[in-house]
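Listed below are the residues making up each chain.
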Amino acid sequence: MQTSIRKDIITTLVVAAILLWIMPMLISTYTLTVLVIYGMLGLSLGLIWGFGGILCFGQAAFFGLGAYTYAIAAINFGESTLPMLLAVLVPAIFAAMLGAMMFYGRLTDVYLGVITLVVTLILFKFMNSTAGPQYVIGSAKLGGYNGIPGFQTLNVPGDPNAYIWGDNYFYICAVALLIVYLLVTWLLRSSFGRIAIGIRENETRLSLMGYDVAARKTVLFSIGAAIAGLSGALFANWGEIVTPSLFSLRQSAEIIIWCIVGGLGTRLGPIIGAAGLAYMKFMLGQQSLIDNTLITGLILVFFVLFLPKGIVPAVAGLWRVSFGRKRRSRGRQTRRTRTRGEANG
Amino acid sequence: MDLGFVILVEMFYAVASLILISAGLAVVFGMMKVINLAHGEFMMMGGYATITAVNLGINVFVAMLIIAPLIVGLIGLVVERLVIRHLYGRLVDTMLATWGLSLVFIGLATMIFGNTTTGISTPIKGFTVGSYQVNGYNFFIILVTIAVLLLMLAVLKGTRAGLIARGTMQRSDMANALGYSPDRIYMATFFCGSALSGLAGAVLAPLVGLVPTSGGAYIAKAFITVIAGGPSLVTGLFASGTFFGALSQFFTFAISPVIGEVALLIGAVFLLRLLPQGITSKFFKGKL
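None of these values were measured; they are calculated from a predicted model. (Residues numbered from 1 in each chain as written. Chains lettered and ligands numbered in written order. Predicted model: local features only at pLDDT ≥ 70, side-chain atom pairs only at ≥ 80, totals over all residues.)

**Topic: the overall build of chain B**
Heads up, the rule is: Where helices and strands are cited, they refer to DSSP runs of H or I of at least four residues and of E of at least two residues respectively, numbered from the N terminus. A radius of gyration in this sense is built from C-alpha atoms; the matching globule rule multiplies 2.2 Å by the number of residues raised to 0.38. Exposure classification rests on a simple neighbour count of other C-beta atoms within 10 Å of a residue's own: a residue reaching 20 or more is buried, one at 12 or fewer is exposed, and one in between is partly exposed. C-beta atoms are placed from the backbone. In this description, a residue-residue contact is defined by the distance between C-beta atoms placed from the backbone, which must lie within 7 Å.
Each helix and strand counted, chain B has 11 helices and 2 strands in total. When the helices and strands of chain B are read in sequence order from the N terminus, they spell out α-α-α-α-β-β-α-α-α-α-α-α-α. Scaling as 2.2 N^0.38, a compact globule of 288 residues should have a C-alpha radius of gyration of about 19 Å, and chain B matches this with 19 Å. Overall, chain B is about 65 × 45 × 35 Å in size when its C-alpha atoms are taken along their principal axes. When the 288 residues of chain B are sorted by exposure, 50% land in the buried category. Counted over contacts in chain B with a minimum sequence separation of 6, partners at least 24 positions apart contribute 76%.

Now the structure itself:
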């Protein structure tokens, strides 16, 4: 186990370094940044849905909450370090309260989906109606439908005038995604992560074994929200404006589609799904022959019908079928020779 | 006195429109356990069918009450055969597939009708009560809703087809053994559900400006109403529709329409937390 986790981390770092080197040559860093941010958002739902079995229809709520928290705090503080931390904490705490209410109430799949959906809608409706001057937090106007523009963007900690933008901002986001990815890897290998997977597989059994299922689900839900909040704050920095559309149903739908297309139950799948589909949407946005929404919808229907497990598991399966047997036989051989060697020695 | 009358009418109207919005979903989700996230888009298509038919010179009531349900029902039939048929029993997958379908319909409507607001004028004139103006069309919606509820009750309880449908939804293997084809019954039920959604969209079309994305406005409300209603189809629909309609209308008059909507949603969260299986799991048990 110890060697395999080390191997896992080294592979991740090498692949990430290669991607960091190659991708900016192919796609402009401005576009890449948002792909990375969406990848992180996809990962946040991939964690709680793919590994925790919690289908959250309102991941966009935490994304938007993170973005709004960052914007409001940045206007009030005039620098970006504390707002970044708040943008992670506020969604996490909000999710912990919401999750505690749902999981201790033993709500399951459909009802869970509806409640998270409804909470997202409440935020969306509320934020849309905050146009008046009376809706102010500190010195930040919530701005209703138009959102909040003109807040302090990311700066070097301690120096509010040293802005981080352009290529540098892309590298910050990419490293943030890498760190989050490694943390998720570590979490899933820890006993907490394995019990979470156990809860996904059989909740009753785990609760009979003495684990507090509701508490563990709440914590996992909250971790997912923290990641979504971070990506929301990064998105706010990228777009330099936050609007209520961050909370929209469409945004929630997209996150779920990313996970399905990329592959549930994998760490890489949601990231690839998010970045790939977002890039495709970007490319499609440049043509006007066929409506963008139509294609997104067709992709979703197609995947649910023909490839319900998503791209990454399908590719992995294909890989195993075409190359797996060779490797396995070789492995058996080496093991045999090794035992023979040990016996001889 | 006049104000009281107006508020009463508005209250009835809010309840009626909530029930009307949810009726199609109650059949599709409540009976067949298919989470149809394209429900709002079915309503949107009902609205467009009505407007197109009226523009072609057909009487508005014929367009609303006959043509729109038929067209949307047929679209539902096609969708059921192509997509949903393969996904019965896979709750999450149907949900995702119908979400995809809703996006497809939005895209198609945008390509055909354009991303602009269309509408028709209400066919019934308003009248004044004291110093207030009351929309006469509201009464029509209340009447249609009552008719829909009675029709659902009559078909499900009174006819052989309703009995077979209910039986198949409970135990499809049993129905199969008795010689009925569950496949066909599911198909027919989905047709009815879609037709009801189309009817709702058509009847509400004169009141709202129609855009391809306007289905999204209904879907959450419809789901809340159906899920909060619980296992009994018609009674649950009526109970939760009344509860939510009255709640949101109360806050609308007391504070503002936005707060009314938010109150509805917050009320739903608390209701589901207290009665996760819906209202009729505790009250009016065993009713239809």
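**Some details on the confidence of the model for chain A**
Residues and elements named next belong to chain A. The following threshold applies: The quantity known as pLDDT measures the predictor's confidence residue by residue, on a range of 0 to 100.
Across chain A, the average pLDDT comes to 85, with 92% of residues at 70 or higher. Ranking the elements of chain A by mean pLDDT puts helix 13 (residues 311-344) last with 60 and helix 9 (residues 213-239) first with 94. In this model, residues 327-345 is a region of pLDDT below 50 whose contacts with residues beyond four sequence positions or in other chains number 0 contacts.

**As for the interface of chain B and chain A**
Taken together, the contact between chain B and chain A spans 34 residues of the former and 31 residues of the latter. Elements with a contribution of two residues or more to the side of chain B that touches chain A: helix 4 (91-113), helix 9 (216-229) and helix 11 (257-274) of chain B. Looking at the side of chain B that touches chain A, the element that brings in the most residues is helix 4 of chain B, giving 16 residues.

**Quick look at the environment of A:Trp21**
Along the chain, the position of A:Trp21 falls in helix 1 (residues 2-26). Spatially, the C-alpha atoms of A:Trp21 and A:Asn237 are 23 Å apart, while their sequence positions differ by 216 residues.

**Notes on the nonpolar core**
Which entries qualify depends on this criterion: By convention the nonpolar core is taken to be a set of buried residues drawn from Ala, Val, Leu, Ile, Met, Phe, Trp, Tyr and Cys and joined through C-beta atoms within 7 Å.
By size, the foremost hydrophobic cluster in this structure holds 193 residues, and its most contacted members are A:Ala67, A:Ala71, A:Val118, A:Ile260 and B:Leu20. Considering each element in turn, this core owes the most residues, 16 residues, to helix 1 (residues 2-31) of chain B. For A:Ala67, the residues in contact, after removing those within four places along its chain, are A:Gly232, A:Ala233, A:Phe235, A:Ala236, A:Val242 and A:Leu246.

**Points about the packing of helix 2 (residues 29-51) of chain A against helix 11 (residues 268-284) of chain A**
Residues and elements named next belong to chain A. Spelled out, the test is: To obtain each axis, a line is fitted to C-alpha atoms, and for helices this fit is confined to the stretch in contact; angles are then taken between N-to-C directions over 0 to 180 degrees. Comment on the angle field: the value is read as roughly parallel under 35 degrees, roughly antiparallel over 145, roughly perpendicular from 65 to 115, and oblique elsewhere. In this scheme, a crossing is called left-handed if the near helix is turned counterclockwise away from the far one by less than a right angle; it is called right-handed if the turn is clockwise. Residues are grouped as follows: nonpolar covers Ala, Val, Leu, Ile, Met, Phe, Trp, Tyr, Cys and Pro; charged covers Asp, Glu, Lys and Arg; every other residue, Gly included, is treated as polar.
At a closest axis distance of 7 Å, the pairing of helix 2 and helix 11 adopts a crossing angle of 140 degrees. Taken together, the axes of helix 2 and helix 11 are oblique relative to one another. Of the two elements, helix 2 crosses helix 11, and the hand of that crossing is right-handed. Counted together, Thr31, Val34, Leu35, Tyr38, Gly39, Leu41, Gly42, Leu43, Leu45 and Gly46 of helix 2 and Gly269, Pro270, Ile271, Gly273, Ala274, Ala275, Ala278, Tyr279 and Phe282 of helix 11 form the full contact between these two elements. Of the residues assigned to the contact of helix 2 with helix 11, the class counts are 13 nonpolar, 6 polar and no charged.

**Things to note about the confidence of the model for chain B**
The pLDDT averaged across chain B works out to 88; a share of 99% of its residues lies at or above 70. Scoring of the predicted complex yields 0.83 for pTM and 0.80 for ipTM.

**A short note on helix 12 (residues 292-306) of chain A**
Along an α-helix, residues three or four positions apart point the same way, because every turn accommodates 3.6 residues. For clarity, the cut-off: Given the number of residues in a helix, its expected span is that number minus one, multiplied by 1.5 Å. In this description, one arc is meant: the one made by directions from the helix axis to the C-beta atoms.
The end-to-end C-alpha separation of helix 12 of chain A is 21 Å, in line with the 21 Å expected for 15 residues at 1.5 Å each. Turning to helix 12 of chain A, its buried residues number three or more, namely A:Thr293, A:Thr296, A:Gly297, A:Leu300, A:Val301, A:Phe303 and A:Val304. Angular distribution of buried residues about the axis of helix 12 of chain A spans 165 degrees; they occupy a single face of the element. The inward-facing, buried residues of helix 12 of chain A contact helix 10 (249-262) of chain A together with helix 4 of chain B.

**Comments concerning helix 6 (residues 166-189) of chain A**
Between the first and last C-alpha of helix 6 of chain A there are 35 Å, a value that for 24 residues agrees with the 34 Å anticipated at 1.5 Å per step. Within helix 6 of chain A, burial applies to A:Phe170, A:Cys173, A:Ala174, A:Leu177, A:Val180 and A:Val184.

**As for the packing of helix 12 of chain A against helix 4 of chain B**
At their nearest, the axes of helix 12 of chain A and helix 4 of chain B sit 7 Å apart, and the two run at 155 degrees to each other. The orientation of helix 12 of chain A with respect to helix 4 of chain B, classified from their angle, is roughly antiparallel. Relative to helix 4 of chain B, helix 12 of chain A is oriented so that their crossing is left-handed. In the contact of helix 12 of chain A with helix 4 of chain B, the residues fall into 14 nonpolar, 7 polar and 1 charged.

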